[in-house]
Amino acid sequence: MVDESGNEFNENQEVEQAYQHLIDTYLGTNHRKKVELINKAFNFARQAHKGVRRHSGEPYIMHPIAVAQIACEEIGLGSTSICSALLHDVVEDTDYTVEDIRNIFGDKIALIVDGLTKISGGIFGVHASAQAENFKKLLLTMSEDIRVILIKIADRLHNMRTLGSMIPSKQYKIAGETLYIYAPLAHRLGLNKIKTELEDLSFRYEHPEEYKEIQNKLEHTREERDNVFDEFTTPIRKRLDKLGFNYEIKERVKSPYSIWNKMQTKHVTFEEIYDILAVRIIFTPKDPSTELTDCFNIYVQLSQIYKAHPERLRDWLNHPKANGYQALHVTLMSHKGEWIEVQIRSNRMHEIAEQGFAAHWKYKEKTGLEDDGERELEKWMRTIKEILDDPQPNALDFLETIKLNLYAQEIFVFTPKGELKTMPQNSTVLDFAFSIHTFLGSHCIGAKVNHKLVPISHRLQSGDQIEILTSNSQHVQQNWIDYVATAKAKGKILAILRREQREQQKAGEEVLTHFFEKHDLVFDLNDVDKLVEYHQLKSREELLQCIGKKEIEIGENDANIIRRKSGNSKTWLRFLPFRKKKKDIEIDSAEKTVEKIDLKKTIQLNEETLKSTYTIAECCHPIPGDDVLGFVDENNHIIIHKRQCAVASRLKASFGPRILAAKWDTHKQLFFPVSLNIKGTDRIGLLNEVTEIVSRKFDVNIRKLAIEVREGIFEGEIQLYVHDVDDVQTIIKNLKNVKNLQSVSRMN
Ligand code: MN
């Protein structure tokens, strides 16, 4: 702790300055000026956190001030939120209770602080279910007061900005959780700028080298981009000036995370990404009522200078995205022959795009405009509530279901009567049916889309008109899960299936009870287990269900199995496949279990430990040189995943404390499998040359080779064994020199 030297004086000054900055920002907004209340909250929090420090060493109160600053400046929230942000860690970290907060600050602030406390309690919980429970609470409190989640996001943003002072394993956990839950949530709430920053910060901590590389490349190409921008926008400015528009033109540069994401998913290099630069025209309409027509007028002007891409006009004006986003997007061909996207927005639309729906309120009060964004948000919250009302037994499934709901892009479709409906992209006929009514969904046999008959799995396109066809004899099937993309339909289908299963099990139970009575047997769970094994099933529930569905008829044989002495049955138990498997796992775990794991230590992956202690994950196949982490599973095995592995991010979000930092220390002795994707135009001898390079020149073992040639295009996958990422890069570099081979990339 700091003594009474000048140090403390400096610190106090620092705190005062940060707080004054917050008050100045607040006074600059349109909110009612309730400085007194904010002062009270600040003094209360300051005194409550007195003497406590953050990991970075600074006084704890600096954190709540920073969170309040974000809530006010970057999200646009008012005094209630600022006070709640200042107080957000008081109940969690000090002896004060929610009751104390209520007595001093009233119900509203107490409710929000309580919501924030519930969420943070056990966010580092050990079990997946605890984590999902937390998340559920978060969404529940969110539907009570949306400001809870907004402040939570501000809190997370500040923690991400100061993540550098944490140990690496904590960094991966927090970064992973941010990418898994908080960035999608910020996106869904329309907090675009914050979402982008959260993604970039996560990326920076998970893949520091790639982050730096992309940053460097962006820096190097900046001048070139600026030139393109100036050249492209000069004629636009001339025209808009002439017409007297009040506007601004800005560069929009793709974020490092989006660039990296595109490189990963589309298998392209930095240089091959053509849409790093986009152009934004932000104008202030002379009259709020001409806002939309102004957008189209600007578009007309642009299309007279440059040719517009016929298929890339995106009208988010008349139908805003579900997160409130509104703009007109066009893609134009520059005079140099490059496609450049232009986003046309009013200043109001721009503010909503950056700050999310908090900005909606501001404009609603000011202009009294009908507010589409908020209505869409209400609809979304209702869906979330429906999902919450329908309990799902598996916590991770629940997280996935919610996530489905966060990132979906929308399409617009029509009912037979011409009513417009917004659906997530990739929605099917079945999704649409469930979105209208559970009955329509559960009895759906197909649809007429634009008057043509299609099956329930048919994917919808924007502009489709859909008439759902039903039949009373239709009922929900297990495989319907594969046909739907929306959380709502998925939830409904699972609920119906579970209900049916319960009914079947009940029926099965009756049959079984009757069977025991008929054969003069005493009902005993051990005997039921014998039948489970005899019919090669996995559980009692499955047995009851099969009997209930009449897939299994129990009879004399079953009675004999039960009457047999248990000693007999054990001899054939061994031959059941699932029994054997379990035993294998046990042996494996005995070998690779680590007695005591120090979560703060970075584990070294070398020839020795990879053989004896750690297991390489099957899902993402990391190889030396990849950014990795260790995950301690329930059996105390340490499994090595790639940091961007989808399975690992789920684990990070739900089993955070079991994450370990890991480093490679191999010396080209072990071999690891890796897959390359190759693409090009076909020519004689191409394949030969490829295998020649891989197997002769590099003496690398090809494990599998699959090539497909279609209409002169050659595409394939090579699986090979390598030592590390360096090997892969050398091979890719050499393969890229092969004539007609256009792209070579490592697959995930
Ligand atoms: Mn906090």
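Up top you'll find the structure we're talking about.
All figures in this text were calculated on a predicted structure; none of them were measured in a lab. (Residues numbered from 1 in each chain as written. Predicted model: local features only at pLDDT ≥ 70, side-chain atom pairs only at ≥ 80, totals over all residues. Heavy atoms only, no water.)

J.: Talk me through the coordination of the manganese ion; I want residue IDs and the actual numbers.
T.: Every protein donor of the manganese ion is accounted for by His63 (NE2), His88 (NE2), Asp89 (OD) and Asp155 (OD), and the metal-donor separations fall at 2.2 to 2.6 Å. Written as a sequence motif, the donor arrangement for the manganese ion is H-x24-H-D-x65-D. Both residues of the pair, histidine 88 and aspartate 89, count as buried. (Donors = N, O, S within 2.8 Å, 3.2 Å for Na, K, Ca; no water. Buried < 20%, exposed > 50% of the residue type's maximum accessible area, 1.4 Å probe, protein only.)

J.: A description of the sheet that holds strand E20 (residues 741-746) should follow, citing residues and the corresponding values.
T.: Taken in spatial order, the four strands of this open sheet run E18-E19-E17-E20, and their pairing is antiparallel. Strand pairing shows two members of the sheet lacking a second neighbour, strand E18 (702-710) and E20, which therefore form its edges. Neighbour to neighbour, the strand axes of the sheet diverge by 15° on average, direction disregarded. Alignment of strand E17 (residues 672-681) against strand E19 (residues 713-722), held across ten bridges, turns out to be antiparallel. Within the sheet, the bridge partner assigned to proline 673 lies in E19 and is tyrosine 721. Relative to E18, helix H30 (residues 686-697) is tilted by about 160°, and along the sheet it contacts E17, E18, E19 and E20. (Pairing = 2+ DSSP bridges. Helix = DSSP H or I, 4+ residues; strand = E, 2+ residues; numbered from the N terminus. Axes fitted to C-alpha atoms, helices over the stretch in contact; angles between N-to-C directions. Contact = heavy atoms within 4.5 Å.)

J.: For the packing of helix H11 (residues 192-206) against helix H14 (residues 256-266), give the residues involved together with the corresponding values.
T.: A pair of packed helices is captured by two measures, namely the crossing angle of their axes and the spacing between those axes. Viewed as axis vectors pointing N to C, H11 and H14 meet at an angle of 65°, and their least axial separation amounts to 8 Å. The orientation of H11 with respect to H14, classified from their angle, is roughly perpendicular. Counted together, Glu199, Asp200 and Phe203 of H11 and Pro256, Tyr257 and Trp260 of H14 form the full contact between these two elements. Its residues assigned to classes, the contact of H11 with H14 shows four nonpolar, no polar and two charged. (Parallel < 35°, antiparallel > 145°, perpendicular 65-115°, else oblique. Nonpolar A, V, L, I, M, F, W, Y, C, P; charged D, E, K, R; others polar.)

J.: Can you tell me about helix H2 (residues 35-48), naming the residues and giving the values?
T.: The periodicity of an α-helix, 3.6 residues per turn, causes residues three or four positions apart to be oriented the same way. Spanning 14 residues, H2 covers 20 Å between terminal C-alpha atoms, matching the ideal 20 Å at 1.5 Å per step. For H2, the complete set of buried residues consists of Ile38, Ala41, Phe42, Phe44, Ala45 and Ala48. The arc that holds every buried residue of H2, seen down its axis, measures 165°, which confines them to one face. (Expected span 1.5 Å × (residues − 1). Arc of directions from axis to C-beta.)

J.: Before we move on, can you summarise the nonpolar core with the specific residues and values?
T.: One finds Leu86, Leu87, Ile101, Ile153 and Leu198 to be the most contacted residues of the largest nonpolar core, which totals 62 residues. Look past the residues within four positions of isoleucine 153 in its chain and what remains in contact with it is Tyr182, Leu185, Ala186, Leu189, Leu191, Ile194 and Leu198. Ranked by size, the runner-up nonpolar core spans 34 residues in total, among them Val632, Phe672, Leu735 and Leu741. (Core = buried A, V, L, I, M, F, W, Y, C linked by side-chain atoms within 4.5 Å.)

J.: Any chance you could break down the pattern of salt bridges for me, citing the residues and the numbers?
T.: Oppositely charged side chains can pair when the atoms bearing their charge come close. Applying the stated criterion to the full structure yields 23 salt bridges. Between arginine 540 and aspartate 529 there is a salt bridge, with its nearest N and O atoms 2.8 Å apart. Here arginine 540, found in helix H24 (residues 540-548), pairs with aspartate 529, found in helix H23 (residues 525-534); they are eleven residues apart in sequence, far enough to count as distant. Judged by its relative accessible area of 25%, aspartate 529 is partly exposed. Across the pair aspartate 626 and arginine 746 runs a salt bridge, and its minimum N-O distance is 2.6 Å. With a gap of 120 residues between them, aspartate 626 in the loop between strand E13 (614-616) and strand E14 (628-632) and arginine 746 in strand E20 connect regions that are remote in the sequence. One network of salt bridges, with partners in common, ties together Glu74, Arg161 and Glu197. (Salt bridge = Lys/Arg side-chain N within 4 Å of Asp/Glu carboxyl O.)

J.: Go over the pairing of E14, please, and point to the residues and values.
T.: Walk down a regular strand and you will see the side chains alternate between the two sheet faces. Taken across its five residues, E14 has five buried, putting it largely inside the fold. Neither face of E14 is open: one carries Val628, Gly630 and Val632, the other Leu629 and Phe631, and all of them are buried. As paired strands, E14 and strand E15 (residues 638-642) are joined by five bridges and run antiparallel to one another. Each bridged residue has a counterpart across the sheet, and for leucine 629 the counterpart in E15 is histidine 641. The antiparallel pairing of E14 with E15 creates a hairpin that spans five residues between the two strands, and asparagine 636 there sits at a positive phi of about 65°. For E14 and strand E16 (residues 659-664), the ladder comprises three bridges, and the chain directions are antiparallel. The residue of E16 that forms the bridge with phenylalanine 631 is isoleucine 659.

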